[in-house]
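Read off the chains here:
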There are 2 protein chains.
Amino acid sequence: MPTQEEMKAALRAYVDGFANGDAESVIALFAEDAVVEDPVGSPELHGLEAIGKFYRDAVDSGARLTLDGPVRGSQGSGAAMAFTIELAALNLTIKAIDVFTFNDAGKITTMRAYWGPDDMSQG
Amino acid sequence: MPTQEEMKAALRAYVDGFANGDAESVIALFAEDAVVEDPVGSPELHGLEAIGKFYRDAVDSGARLTLDGPVRGSQGSGAAMAFTIELAALNLTIKAIDVFTFNDAGKITTMRAYWGPDDMSQG
């Protein structure tokens, strides 16, 4: 099981990857067979090829993430964070909570994002 | 599928139930066969009898919840919220994120709480 600090460092690196426009550093956090569901209720992405495309598009969009509080751990291999996404090019703000599971190597195996139409606003 | 507003109203009622010391109003939000994992990585509670005892104890402890930002929805039947738990009697503060799934009747079917030892602090 990854340590709490390993998981929290990975999620801070995830936020930093967006800040630095560095999609590859975000993608490198994921396991080969990872699953991404963003947002919850939309079709899942399976594996690094699909997940890589997703994050390259997301980082290219200029999205910037600001944590709404500290990253949370758990008593197991899960962690979560609440944050605000700013998409300046679209004048759009999204309030989201992302929930992650990690494998023993400290790689992300699942990411599920909670945000819906009502969590988006202009400005 | 419940509406986004139904899920968000339920989660605000969850927070209010703690504020009002009203465990029964919190328990009434759950489906008969609901599952609670608090925190993630600890044994799951199955069904209203176990979940009822859990929330009666939690509310009796005097826990107060303050949202760290708006409740988040999804594109499906999931919602999440980040909040701070204050346990004045123990001089303890916990930063948590709870993730919920709802059934078609708008009742909570799963609640999984993300917080670990590192997310607790004195004061």
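Above this note sits the structure.
## Examining the packing of aromatic side chains
Turning to step 1, where the next piece is worked out: Considering all chains together, one arrives at 12 aromatic pairs over all chains under this definition.
Turning to step 2, where the next piece is worked out: Seen from their ring centres, A:Tyr14 and A:Phe18 are 5.7 Å apart, and the 45 degrees between their planes marks the pair as tilted. Of this pair, A:Tyr14 and A:Phe18 are both found in helix α1 (residues 4–19), 4 residues apart, which corresponds to roughly one turn of the helix. Of the two residues examined, A:Tyr14 and A:Phe18, each falls in the buried class.
Turning to step 3, where the next piece is worked out: Summarising the aromatic geometry, the rings of B:Tyr14 and B:Phe100 are spaced 5.4 Å apart at their centres and angled 80 degrees between planes, so their arrangement reads as edge-to-face. Placement of B:Tyr14 in helix α1 (residues 4–19) and of B:Phe100 in strand β5 (residues 92–102) is noted, with a sequence separation of 86 residues between them.
Turning to step 4, where the next piece is worked out: B:Tyr14 sits in the buried class, given a relative accessible area of 3%.
Turning to step 5, where the next piece is worked out: Classification of B:Phe100 as buried rests on a relative accessible area of 0%.
Turning to step 6, where the next piece is worked out: One aromatic cluster in this structure is built from A:Tyr14, A:Phe18, A:Phe30, A:Phe54, A:Tyr55 and A:Phe100.

## Comments concerning the pairing of strand β1 (residues 30–37) of chain A
Residue and element names in this part refer to chain A.
Turning to step 1, where the next piece is worked out: The element β1 is extensively covered by neighbouring structure, given that 6 of its 8 residues are classed as buried.
Turning to step 2, where the next piece is worked out: In terms of strand pairing, β1 meets strand β6 (residues 108–114) through 4 bridges, oriented parallel. For Phe-30, the partnering residue across the bridge sits in β6 and is Ile-108.
Turning to step 3, where the next piece is worked out: In terms of strand pairing, β1 meets strand β2 (residues 45–46) through 2 bridges, oriented antiparallel. By the bridge assignment, Val-35 is partnered in β2 with His-46.

## A short note on the relation of the copies chain A and chain B
Put simply, the two copies of the chain differ by a rotation about an axis and a shift along that axis.
Turning to step 1, where the next piece is worked out: When chain A is fitted to chain B, the residual RMSD is 0.0 Å, and the transformation amounts to a turn of 180 degrees plus an axial shift of 0.0 Å. Both chain copies can therefore be described as sitting about a two-fold axis. Of every C-alpha in chain A, the one belonging to A:Ala82 sits nearest the axis of rotation, 3.2 Å from it.
Turning to step 2, where the next piece is worked out: In this assembly the copies share their binding face: 100% of the residues contributing to the interface of chain A also contribute to that of chain B.

## Some points on the pattern of salt bridges
Turning to step 1, where the next piece is worked out: Across all of its chains, the model carries 16 salt bridges over all chains by this definition.
Turning to step 2, where the next piece is worked out: The partner of A:Lys8 in a salt bridge is B:Asp119, with the nearest N and O atoms 2.5 Å apart. Here the residue A:Lys8 occupies a position in helix α1, and B:Asp119 occupies one in the loop between β6 (108–114) and β7 (120–122), the pair thus bridging two chains. Assigned by exposure class, A:Lys8 and B:Asp119 land together as buried.
Turning to step 3, where the next piece is worked out: As a salt-bridge pair, A:Arg112 and A:Glu44 come within 2.9 Å of each other at their nearest N and O atoms. One end of the pair, A:Arg112, is in strand β6; the other, A:Glu44, is in the loop between β1 and β2, and 68 residues separate them in sequence.
Turning to step 4, where the next piece is worked out: The partly exposed category is assigned to A:Arg112, whose relative accessible area is 27%.
Turning to step 5, where the next piece is worked out: Relative accessible area serves as the criterion here: at 36%, A:Glu44 is assigned to the partly exposed category.
Turning to step 6, where the next piece is worked out: Because the salt bridges share partners, they merge into one network encompassing A:Glu37, A:Glu44 and A:Arg112.

## Overview of unusual backbone geometry
Residues and elements named next belong to chain A.
Turning to step 1, where the next piece is worked out: A cis amide bond links Asp-38 with the next residue in sequence, Pro-39, at an omega value of 0 degrees.
Turning to step 2, where the next piece is worked out: Position of Pro-39 relative to the elements: it lies in the loop between β1 and β2.
Turning to step 3, where the next piece is worked out: At Asn-91, a position not held by glycine, the phi torsion is positive, near 55 degrees.
Turning to step 4, where the next piece is worked out: With respect to the element layout, Asn-91 can be found in the loop between β4 (78–87) and β5 (92–102).

## Some remarks on the interface of chain A and chain B
Turning to step 1, where the next piece is worked out: Of the residues lining the interface, 31 residues belong to chain A; the matching set on chain B comes to 31 residues.
Turning to step 2, where the next piece is worked out: When the two sides are added together, the surface that chain A and chain B hide from each other amounts to roughly 2,200 Å², 60% of it contributed by carbon and sulfur.
Turning to step 3, where the next piece is worked out: For the pair chain A and chain B, the number of links is 4 salt bridges.
Turning to step 4, where the next piece is worked out: Of the charged contacts, one joins B:Arg72 and A:Asp68 as a salt bridge, the two residues approaching to 2.7 Å between their closest N and O atoms.
Turning to step 5, where the next piece is worked out: Where chain A touches chain B, the interface holds 16 residue pairs in polar contact (both at pLDDT 80 or more).
Turning to step 6, where the next piece is worked out: Looking at the side of chain A that touches chain B, the elements that each hand over two or more residues are α1, β4 and β5 of chain A.
Turning to step 7, where the next piece is worked out: Looking at the side of chain A that touches chain B, the element that brings in the most residues is β4(A), giving 6 residues.
Turning to step 8, where the next piece is worked out: Within the side of chain A that touches chain B, the residues separate by chemical class into 16 nonpolar, 9 polar and 6 charged.

Rules behind the numbers
Residues numbered from 1 in each chain as written. Chains lettered and ligands numbered in written order. Predicted model: local features only at pLDDT ≥ 70, side-chain atom pairs only at ≥ 80, totals over all residues. Heavy atoms only, no water. Phe/Tyr/Trp six-rings, centres within 6.5 Å; stacked < 30°, edge-to-face > 60°. Helix = DSSP H or I, 4+ residues; strand = E, 2+ residues; numbered from the N terminus. Buried < 20%, exposed > 50% of the residue type's maximum accessible area, 1.4 Å probe, protein only. Pairing = 2+ DSSP bridges. Least-squares fit on C-alpha atoms with pLDDT ≥ 70 in both. Contact = heavy atoms within 4.5 Å. Salt bridge = Lys/Arg side-chain N within 4 Å of Asp/Glu carboxyl O. Buried area = accessible area lost by both parts, 1.4 Å probe. Polar contact = N/O pair within 3.5 Å; in protein donor to acceptor, adjacent residues only side chain to side chain. Nonpolar A, V, L, I, M, F, W, Y, C, P; charged D, E, K, R; others polar.

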